[in-house]
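Chain by chain, the residues:
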Amino acid sequence: MSVTGSLAESASMIRVAFVGKGGAGKSTIAGTFARLLARRGQPVLALDSDPMPGLPYSLGVGVDDHPIPDDVVVAGPEGGPRWVLRPGLDAAAIVDRYAARCPDGVRYLQFGNLWGHVVRLQQAQHAWSQVVEELDRDSWHLVGDLPGGTRQAMFGWGKYADTVCVVVEPTVKSMHTARRLLTLSGARWGPSRLVLVVNKARDGSDAARVSERLGLEAAAVVPHDGTAGRADRRGAAPLDSAPGGPLAGAVDGLVDHVVSLYSLGREVTQ
Amino acid sequence: MKIAVVGKGGAGKTTTSAVLARTLGRRGARVVALDCDTNPNLGLSLGVGDSETERLLTLREEVGDGAADHAPTWEDILDRYGADAPDGVRLSVITRIENPEPG
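Residues numbered from 1 in each chain as written. Chains lettered and ligands numbered in written order. Predicted model: local features only at pLDDT ≥ 70, side-chain atom pairs only at ≥ 80, totals over all residues.

Enquirer: Explain the sheet that holds strand S3 (residues 90-93) of chain B here, please?
Expert: Across a sheet, strands are paired by hydrogen bonds formed along the backbone, either parallel or antiparallel in direction. Residue and element names in this part refer to chain B. An order of S1-S3-S2 is seen for the 3 strands of this open sheet, with the pairing classed as mixed. Either end of the sheet is taken by a strand with one partner, and the two such strands are strand S1 (32-35) and strand S2 (82-84). Taking each pair of neighbouring strands and ignoring which way they run, the sheet shows an average axis angle of 25 degrees. As judged from the 3 bridges shared by S2 and S3, these two strands associate in the antiparallel manner. For Ala83, the partnering residue across the bridge sits in S3 and is Leu91. (Pairing = 2+ DSSP bridges. Helix = DSSP H or I, 4+ residues; strand = E, 2+ residues; numbered from the N terminus. Axes fitted to C-alpha atoms, helices over the stretch in contact; angles between N-to-C directions.)

Enquirer: Mind showing me how you'd approach helix H3 (residues 50-65) of chain B here?
Expert: Owing to its 3.6 residues per turn, the α-helix aligns residues three or four sequence positions apart on the same side. For H3 of chain B, with 16 residues, the first-to-last C-alpha span of 22 Å sits near the 22 Å given by 1.5 Å per residue. Inspection of H3 of chain B places Thr53, Leu56 and Leu57 of chain B among the buried residues, and these make up the whole buried set. Down the axis, H3 of chain B shows its buried residues gathered within 95 degrees of arc, on one side only. Across from the buried face of H3 of chain B, at angles greater than 90 degrees, the exposed residues are Ser51, Thr58 and Asp65 of chain B. Contacts made by the buried residues of H3 of chain B are with helix H7 (172-181) of chain A together with helix H2 (42-46), S2 and S3 of chain B. (Expected span 1.5 Å × (residues − 1). Buried ≥ 20, exposed ≤ 12 C-beta atoms within 10 Å, placed from the backbone. Arc of directions from axis to C-beta. Contact = placed C-beta atoms within 7 Å.)

Enquirer: Is there a simple way to think about the packing of helix H2 (residues 26-38) of chain A against helix H11 (residues 246-261) of chain A in this case?
Expert: Packed helix pairs are specified by the crossing angle of their axes together with the interaxial distance, meaning the distance between the axes. All names here are of chain A. Packing of H2 against H11 brings their axes to within 9 Å, and their N-to-C directions diverge by 65 degrees. One element, H2, and the other, H11, form an angle in the roughly perpendicular class. The element H2 and its partner H11 pack so that their crossing is right-handed. Here Ile29, Thr32, Phe33, Leu36 and Leu37 of H2 lie close against H11, whose contacting residues are Leu247, Ala248, Val251, Asp252, Leu254 and Val255. Along the lines of polarity and charge, the residues of the contact of H2 with H11 split into 9 nonpolar, 1 polar and 1 charged. (Parallel < 35°, antiparallel > 145°, perpendicular 65-115°, else oblique. Left-handed = near helix turned anticlockwise from the far one by under 90°. Nonpolar A, V, L, I, M, F, W, Y, C, P; charged D, E, K, R; others polar.)

Enquirer: What exactly am I supposed to notice about the interface of chain A and chain B here?
Expert: Interfaces are often sized by the amount of accessible area the parts lose when they come together. If you look at the interface, chain A gives 14 residues, while chain B gives 12 residues. At 5 residues, the largest contribution of residues to the side of chain A that touches chain B is made by H7 of chain A. A class-by-class count of the residues in the side of chain A that touches chain B yields 3 nonpolar, 7 polar and 4 charged.

Enquirer: Before we go on, may I ask you to explain the sheet that holds strand S10 (residues 218-223) of chain A in this structure?
Expert: Residue and element names in this part refer to chain A. The sheet built from 8 strands is open, its strands ordered S5-S6-S2-S7-S1-S8-S9-S10 with mixed pairing. Both outer strands of the open sheet, strand S5 (100-101) and S10, are each paired with one neighbouring strand and no more. Pairing analysis gives 6 bridges linking strand S8 (residues 163-168) to strand S9 (residues 193-201), with the strands arranged parallel. Along S9, the bridge assignment pairs Cys165 with Val195.

Enquirer: What's the story with the environment of Ile29 of chain A in this structure? I'm lost.
Expert: Residues and elements named next belong to chain A. On the secondary structure map, Ile29 appears in helix H2. According to the C-beta neighbour criterion, Ile29 is buried, with 27 such atoms within 10 Å. In this structure, the C-alpha to C-alpha distance between Ile29 and Val167, residues 138 residues apart in sequence, is 8.4 Å. The residues contacting Ile29, other than those within four sequence positions of it, are Phe18, Val167, Val197, Asn199, Val222 and Val251.

Enquirer: Honestly, the pairing of strand S2 (residues 44-48) of chain A in this entry has me stumped. Any pointers?
Expert: Put simply, side chains in a regular strand alternate between the two faces of the sheet. Residues and elements named next belong to chain A. Within S2, 5 of the 5 residues are buried, leaving the element largely enclosed by the surrounding structure. A two-sided burial pattern is seen for S2, the buried positions comprising Val44, Ala46 and Asp48 on one face and Leu45 and Leu47 on the other. Bridge analysis of S2 against strand S7 (residues 141-145) gives 5 bridges, and the strand direction is parallel. Across the sheet, Asp48 pairs through a bridge with Asp145, a residue of S7. Pairing geometry for S2 and strand S6 (residues 107-109), over 3 bridges, is parallel. From the neighbouring strand, Leu45 faces S6, where its bridge partner is Arg107.

Everything listed is a geometric property; what it means functionally is a separate question.
Here's what the structure looks like:
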């Protein structure tokens, strides 16, 4: 199945970013989400702004350090940005060359891993940000994964997204972080939609408790069934190790929900 | 003794820090627990409660926004931006000065 011209023309592409406390399951859910959306015949670019990324594992891409080379940028003009894309290179070309190829056709763009001081990633980070900003809005659905906590989110690293998924596990600490993240709607770059995802729910009361405390209905409840934990121990993607499991089912429901927010029509609802 | 606890998100940094701090406190040590996390939750693990944890964060944000002054001394940080936790531990949520005035 391919994206129909009418779909790309009539509806905007999904631009979603996953945020939450460290360990809440952002990467696990984001990677699974990206692949399940791609299975519906959609072009999906997974974006990772975590300098110690976990997303490659849930995508099942097989490499975790897939940097954008430093030489895609050159020093910018005086008084302008510090780095700009090398003349002749545009966002689409960089995605084509440097976004890793993942199962189900997902492409994956990261800075590269941070092994030393943050300075090493400056050029790659500039390149990444510029690609995300300049990428043609009709060519890709964007599924992003932010580092845990509130820092990057509050600094606008998810501003490419108009939908933000706050992933929360039913612990007080995770809800504390989520409550802060829900204030993002008031941020300058504020996403137009905030979606709550309850992860690691052990029973129905977990989701109810989270919803009540945060004042928002959960768009998806991912059960704590142990498959994600087992996949993590092996560094495998949950979709590959437990393809028909409850996690995959719940995230597929989340894809349905997000697709409906964009009124993408029947083409993408399987 | 000065101990910093680091690791990946969700690995258990905050929980480990809190148990360390309170265990040392129970053995009679004078313990200061510093939450340097941009998303500070240490108060929850120490047992000071949700509203007190939130209050310390709000205080720090007021400093960040320029609505409140930075504390000039350590004693002042612990006094103004701190809370008492069980086992004699004193918790403080701190931040570094992002844009110090020159000179």
